[in-house]
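The chain contents come next:
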Amino acid sequence: MASLALAQAMTIAEATLDRGRAAGYKPLTVAVLDLGGNVKVLLRDDDSDFLRPDIAIAKAWGALGMGMSSRALGDL
């Protein structure tokens, strides 16, 4: 798998926030990690709870470690 460019990570994070807003979700925080598990982008909606960044990073770590999307993990 190729490395993740900053522009790609930003696009993923922004699209995720946009989709959450369109669906009427509560304010979200999105973490995008590189292949080494390092935070590439962390975006936090206005009024997102203070623990959301830690939760988003942990959720992304779990998805990366399991080799599947966080949605697929939730479906398990």
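I will try to describe carefully the structure that is included in this document. Note that the structure is a prediction, hence the values are computed from the model and not measured.

### A few points about the overall build of the protein
Then comes step 1: The helix and strand inventory of the protein stands at 3 helices and 2 strands.
Then comes step 2: Ordered by position from N to C terminus, the α and β elements of the protein give α-β-β-α-α.
Then comes step 3: Principal axes of the C-alpha set define a box for the protein whose edges measure 35 × 30 × 20 Å.
Then comes step 4: Within the protein, buried positions represent 22% of all 76 residues.
Then comes step 5: Expressed as a percentage of contacts within the protein between residues at least 6 apart in sequence, the contacts between residues at least 24 apart total 41%.

### Re the environment of D34
Then comes step 1: Relative to the helices and strands, D34 is located in the loop between strand 1 (29–33) and strand 2 (39–44).
Then comes step 2: Taking the C-alpha atoms as reference points, D34 and T11, 23 residues apart in sequence, are found 14 Å from one another.
Then comes step 3: For D34, the contacting residues outside a window of four places in its chain are K40 and L64.
Then comes step 4: Of note is the side chain of D34, whose polar atom sits 3.0 Å from the backbone nitrogen of G36.

### Brief notes about unusual backbone geometry
Then comes step 1: A positive phi is found at D47, a non-glycine position, where the angle reads about 70°.
Then comes step 2: Along the chain, the position of D47 falls in the loop between strand 2 and helix 2 (52–66).
Then comes step 3: Residue D47 is classed as exposed on the basis of its relative accessible area, which comes to 70%.

### With respect to the side chain of D45
Then comes step 1: Within the secondary structure, D45 is located in the loop between strand 2 and helix 2.
Then comes step 2: With relative accessibility at 9%, the residue D45 sits in the buried group.
Then comes step 3: Here R21 takes part through its side chain, which lies 2.5 Å from a polar atom of the side chain of D45.

Calculation rules
- Residues numbered from 1 in each chain as written.
- Predicted model: local features only at pLDDT ≥ 70, side-chain atom pairs only at ≥ 80, totals over all residues.
- Heavy atoms only, no water.
- Helix = DSSP H or I, 4+ residues; strand = E, 2+ residues; numbered from the N terminus.
- Buried < 20%, exposed > 50% of the residue type's maximum accessible area, 1.4 Å probe, protein only.
- Contact = heavy atoms within 4.5 Å.
- Polar contact = N/O pair within 3.5 Å; in protein donor to acceptor, adjacent residues only side chain to side chain.

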